Every structure is written in C-alpha cells, then in structure tokens.
Amino acid sequence: MEQQKFYNKGMEASAGASNMWEIVKMYWRAERAAPKPSAPLPMREIPSAELAQPASEAKVYRLGHSSVLIHLDGETVLTDPVFSERASPVQWMGPKRFHPLPFELASLPRIAAVVISHDHYDHLDKGSILALDDKVERFLVPLKVGEHLRRWGIADDKIVELDWWQSHAVGSLKFTATPAQHFSGRGLGDRDETLWAGWAIEGREAKIFFSGDSGYFDGFREIGKRLGPFDLTLIETGAYNALWSKIHMLPEQSVQAHIDLQGRAMLPIHNSTFDLALHDWFEPLERAAAAAWERNVRLITPVIGAPVTIKHPQVAEYWWQDMEEEAIVEAASQSAREGVLR
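Figured I'd write up the structure that's included with this text. Just so you know, these numbers come straight off a predicted model, no measurement behind them.

## A look at helix α5 (residues 219–227)
Every buried residue of α5 is accounted for by Gly219, Phe220, Ile223, Gly224 and Leu227. End-on, the buried residues of α5 take up no more than an arc of 145°, which puts them together on one face. In this structure, the buried side of α5 is in contact with β8 (173–178), β9 (198–202), β10 (207–210) and α6 (251–260).

Here is the structure:
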C-alpha cells in the first residue's frame, strides 16, 4: 500500500528538481570568508541549580540551533533538542557543532514537554530523545513523527501527535501545532511521509511562538490572527538561500513573519551552531538585526546559555560583530559591489 504523503498548502515543498543542478554548482563554486567561527563562541554555562529551580518569571535559554529551553508556569519545555556532536544520521561525519552544550544533561529537571517541529536530523535527534526519555512527561510531535519515537522505544502513552491547528494541554500549558511551509524525511525513500509544523505555546505567564523550519508564507498572518499576539517569537533565521527560499526564510522574511505573527520580541534561531548552507555563519544575525532596525522590531540575540526574561527581554547584543568584524566589513563591501554591478 502506498504511504500517505503530506503537502504544503498551495505549493510543492522542495527546492525543486529543476534547480538542483544550480544548487550543486553553487556548492561547488562557493567561496566564503567565514563558514565557521574563527574563535570559540561566547557562551554562558547554565548552573545546575538554576535549571532545577522553577523560575520566578517566564524565561527562555538558547541552547543552540533550534533547541530552546523554556521555563513557563513553573514547567520546563524543550524545543527540537539536538544535543549530539553532529546533525547527521551518523556521528562520524556530517555538520559538526560550533560550540558545546551550555549545561550538563544530567542537571535537567523533569521536563513537562518536548516539542518537535519535524523529522530532519537537525531537529529530531535520536540520541537526544533517548537521553531525555526518563525525564520527559510528553513528546508533542506533528502527525506520523511519533512513529520514529516508537521505533526507538519511547512509550506510546508519552507521545502526542497533532495535525495543524490541533491542541493539547500539559498542565496549564496549551500547545497548538500550526501550519508551516517545509518538508520532511530522514532518508531517500520517506519524503513527506511525516508532517512538519510550528508551535504556539500558551501559559498563564506568557505566550510563545516556535516556528520550526518554514519558508515565508501567508500562514503566519493567519496564525497571528488566530493565536496571537505572542510575547516572544522563536523564528528560524539561518540555513537559507534564494534557491530554496520557499522552504527556508531569508532573514528579512523572518522579521516579516514575526510582524505577521503579532510578536512583541523576536529571538532568531536555527543559526550559530551548524554549517548547513552557503552563507557565513554570522550572516543570519547580521541581516536580521539590520531588518529589525528598519522595521522597528525588538530583536533579542543572547549568547548561548544566557537567560531571556520573556516579558522584559534585554536589548540585542551584537556579540558576533566583536568576533568577525573584518569578515562582516568584507561581506558588506561585497554586497555593495554586487549592488553596483546589478
């Protein structure tokens, strides 16, 4: 029997076979000033006691890539935990982390919910899921993603699978799976057999939006109208390219998505941990910061491991500029030259 497939509303998900040769040529010819950081990234180690005690107010911690630890209503939530050394089917090859974890796994408290956006290796990591299993009350996943977890030995009664717009409560927290424009698959033969989604997370203290992976689409406005406004948006900003912009937003589109969602503050995620595209490692943050300044958006760019108070977030820290000042100046000059040539 043919396996069920999932689809994006009004478009095909992939970058498209028609431009695959263009993508291959681009990777072959790419020359980048800074594909990886030239020095260790600044990072704050999260003390065990800080993790173990319920926060006095709602907070989030960037752990790397799209992994975020959320303290909300006295509960702990994790988004797309990828704690392995590489975002890959195997740990002897593939994209390697730029930085270590800012905490010890053993220091994590009970976790009310782990939220998964889709089944790509940089978002659904088998090793991390198994390491967390004993601490987790519920794994919230899009439709059919639960099949991966069951195959790995996660108990069926701990897995909640949701379609777009469906919700599930864990204590005082309400989780709603939202539409996204992306695709799924972990191998050559399972393309789009599981669903992809963003997540609205609503508690008594605050409301958060987690985008997962998505191209820019009008669904963000609908999510904002139906579920917003959001105190904080965690928006994909990285691993993009014009050739696959339908499935990964450009930074300027990420800022627009935040505006569509009726967000009050935006924290860019999906950057600064793995090299997954052709831009310099710092470019997503630099472009997002410029777009946020132009659009009067409050951008939050903490170092890995630093706490962000959701209701009263700190101002943006341009920490990457101190690390890669020369490369940023060269990238800006190159962009200006290309503008003159066009």
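## Some words on α6
Of all the 10 residues making up α6, seven are buried; the element is thus mostly covered by neighbouring parts of the structure. Along α6, the residues that are buried comprise Pro251, Ser254, Val255, Gln256, Ala257, His258 and Asp260. In this fold, the buried residues of α6 make contact with α5, β11 (232–236), β12 (266–269) and α7 (283–295). Downstream of α6 by one or two residues, glutamine 262 has phi in the positive range, about 65°.

## Digging into the sheet that holds β12
Taken in spatial order, the six strands make up an open sheet running β7-β8-β9-β10-β11-β12, and their pairing is mixed. Sheet topology places β7 (167–170) and β12 at the edges, where each strand pairs with a single neighbour. For this sheet, the mean angle separating the axes of adjacent strands, direction not counted, is 15°. Where β11 lies against β12, four bridges are found, and the strand directions are parallel.

## Structural notes on the pairing of β11
In terms of burial, β11 is largely enclosed, as five of its five residues are buried. Where burial is concerned, the two faces of β11 agree: the one with Leu232, Leu234 and Glu236 and the one with Thr233 and Ile235 are both buried. The pairing of β10 with β11 spans three bridges and is classified as parallel. Bridge pairing in β11 places phenylalanine 210 opposite leucine 234. Once you follow β10 into α5 and on to β11, the crossover reads as right-handed.

What counts and how
- Residues numbered from 1 in each chain as written.
- Predicted model: local features only at pLDDT ≥ 70, side-chain atom pairs only at ≥ 80, totals over all residues.
- Heavy atoms only, no water.
- Buried < 20%, exposed > 50% of the residue type's maximum accessible area, 1.4 Å probe, protein only.
- Helix = DSSP H or I, 4+ residues; strand = E, 2+ residues; numbered from the N terminus.
- Arc of directions from axis to C-beta.
- Contact = heavy atoms within 4.5 Å.
- Pairing = 2+ DSSP bridges.
- Axes fitted to C-alpha atoms, helices over the stretch in contact; angles between N-to-C directions.
- Right-handed = clockwise from strand over helix to strand, strands pointing away.

These figures come from the coordinates and say nothing about function on their own.
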